[in-house]
Amino acid sequence: MPAVVIIGAQWGDEGKGKATDLLAEHIDYVVKFNGGNNAGHTVVIGNEKYALHLLPSGILTPGVVPVISNGVVIDPAVLFEELDALNARGIDTSKLRISANAHVITSYHVTIDKVTERFLGKRAIGTTGRGIGPTYSDKINRIGIRIQDLFDESILRQKVEAALVSKNNLLTKVYNRAAIKTEAVVRELLGFAERLRPMVGDTALELHQALEANKLVLFEGGQATMLDVDHGTYPFVTSSNATAGGASTGSGVGPTKLKSIIGIVKAYTTRVGSGPFPTELFDDSGEFLRSTGHEYGTTTGRPRRCGWYDAPIARYSARINGLTDFVLTKLDVLTGLKEIPVCVAYDVDGVRHEEVPVSQSDFHHAKPIYENFPGWEEDISKCRTFEELPKNAQDYILAVEKLSGCRISAIGVGPARDAIIVRHDMLAI
Ligand code: GDP
Ligand code: IMO
Ligand code: MG
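Here the structure is a predicted model, which is why all the values come from computation and not from measurement. (Residues numbered from 1 in each chain as written. Chains lettered and ligands numbered in written order. Predicted model: local features only at pLDDT ≥ 70, side-chain atom pairs only at ≥ 80, totals over all residues. Heavy atoms only, no water.)

Points about the site of ligand 1
Point 1. Around ligand 1, the surrounding shell holds 17 residues, and the nearest of these are Lys16, Gly40, His41, Thr42 and Asp332.
Point 2. Taking Gly17, its main chain carries an N or O atom lying 2.8 Å from an oxygen atom of ligand 1.
Point 3. A distance of 3.4 Å separates an oxygen atom of ligand 1 from a polar backbone atom of Val413.
Point 4. When ligand 1 is considered free in solution it has 590 Å² of accessible area, and contact with the protein chains removes 92% of it.
Point 5. Going through the elements one at a time, helix H1 (16–24) and strand S3 (41–45) are the ones with two or more residues in the shell around ligand 1.
Point 6. In terms of residue count, the dominant contributor to the shell around ligand 1 is H1 (three residues).
Point 7. Split into classes, the residues belonging to the shell around ligand 1 amount to two nonpolar, eight polar and seven charged. (Near = heavy atom within 4 Å. Polar contact = N/O pair within 3.5 Å; in protein donor to acceptor, adjacent residues only side chain to side chain. Areas by Shrake-Rupley, 256 points an atom, 1.4 Å probe, with all protein chains shown as cover. Helix = DSSP H or I, 4+ residues; strand = E, 2+ residues; numbered from the N terminus. Nonpolar A, V, L, I, M, F, W, Y, C, P; charged D, E, K, R; others polar.)

Right under this line is the structure:
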């Protein structure tokens, strides 16, 4: 059975958690393949609201096996907190599987993340401060700590010691901070080992066997295409591959197994943290989107920057990820607007660009060229078919679909689990 991938097609917070939840009843495994507890997915089920960070959203569906694969960075203290909180609410988390090769976020990674941001001053990335970048740098530098290292005290001590040499020099000599003691870190990490042990294994093999046994595997991306370390707005990105290819490298499931690639896109755009954002609004319209859409971060509570839909970004995402479907979320937030602008191309220093410019400086200068579409007044939150939507909402969707390079297979009309219109079967693979 092939695998299905869900990824963010903009700058994150598109509603990936809800999209996973929508498909979760049909799937057997749900895999988080990138990022860590920088992610924040809100899922609303009945009167209950769940905020997930490190765990994949599919964990909320009974029977699904949740997997944290090798591409993820794990803060074990956060993992246990999240598991305990879900257990206290009656969610069964006992099936969770964790890759022995996933890297560990330690307290020194969190410290370095925060200190580095402070010293970057106005060039700060606006990270979530969860230690994500420093943990991935150690992985690439080959001085990272993996989950399997927690089960071998002597190796763990050697690795922590090696990792701390450069960090302590940096902390004491450049940042004027106290040195971190190897022993304290080793003790803390060893304290996580026994609870982790039964969850840890060769998840690449387990996923391969699941696919061989005709199980349906869903990969749930954290962050989004424009935050991808290779394809996003570097350096204002996260430190992992949040695009569809990351599902393969981040899990050990080969690319030929990935069939449906579903991009989640909001009917407008938001971004948290620094970096270019051509359609950003600084006026009442931006405030309207923020307040109507409740655009405040699930992880940090920061107000999200808001702007109109950006079709070149959607086309870029469709290309980079090889999308088979879009899920367009939060259409209901646009209700009540007289006119809805959609960015169709950019003006860069007087030259029209149809696509996202490759040069960072050009993208920083990109001014949106808008086409306006008529809005609607009717409440759409109860609509469950495309035909029930007001004509102007239908036309908006069809126009956006034409501009975005891939079919729109589902449309979100509210935060609740069932507030969705399905146009095409995304699992028909
Ligand atoms: P994620 O990080 O991509 O999973 O998205 P977040 O959970 O950070 O942010 C999306 C927010 O939008 C959540 O609070 C969802 O409950 C909410 N949401 C998702 N789909 C819809 C929708 O179609 N309409 C409305 N009004 N809210 C939605
Ligand atoms: P979900 O999965 C939105 C942003 C941060 C910052 C940049 C780097 O909920 O869509 P990091 O801590 O990763 O080093 O921060 O990336 N960022 C997100 N923005 N949604 C997210 O996750 C994000 N995860 C990281 O705000 O600009
Ligand atoms: Mg989020």
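Still more to cover.
What to know about the domain arrangement of the chain
Interface size is commonly expressed as the accessible area that is lost once the parts come together.
Point 1. Taken domain by domain, the chain holds domain 1 (3–91 + 203–422) and domain 2 (103–198).
Point 2. Using C-alpha coordinates to define each centre, domain 1 is positioned 29 Å away from domain 2.
Point 3. Taking both sides of the interface into account, the surface hidden between domain 1 and domain 2 amounts to around 1900 Å²; carbon and sulfur atoms contribute 59%.
Point 4. Broken down residue by residue, the surface that domain 1 buries against domain 2 is led by Val73, Pro76 and Phe80, which jointly contribute 29%.
Point 5. The tally of links between domain 1 and domain 2 comes to one salt bridge. (Domains from an automatic or database assignment. Buried area = accessible area lost by both parts, 1.4 Å probe. Salt bridge = Lys/Arg side-chain N within 4 Å of Asp/Glu carboxyl O.)

Regarding the site of ligand 2
Point 1. In the region of ligand 2, 20 residues are neighbours, and Lys16, Asn38, Thr128, Gln223 and Thr238 sit closest.
Point 2. Separating an oxygen atom of ligand 2 from a backbone N or O atom of Asp13 is a distance of 2.9 Å.
Point 3. Between ligand 2 and the protein, one listed contact pairs an oxygen atom with a side-chain N or O atom of Thr128 at 2.6 Å.
Point 4. Looking at side-chain class alone, the shell around ligand 2 contains six nonpolar, 11 polar and three charged residues.
Point 5. Both domain 1 (3–91 + 203–422) and domain 2 (103–198) contribute no fewer than three residues apiece to the shell around ligand 2.

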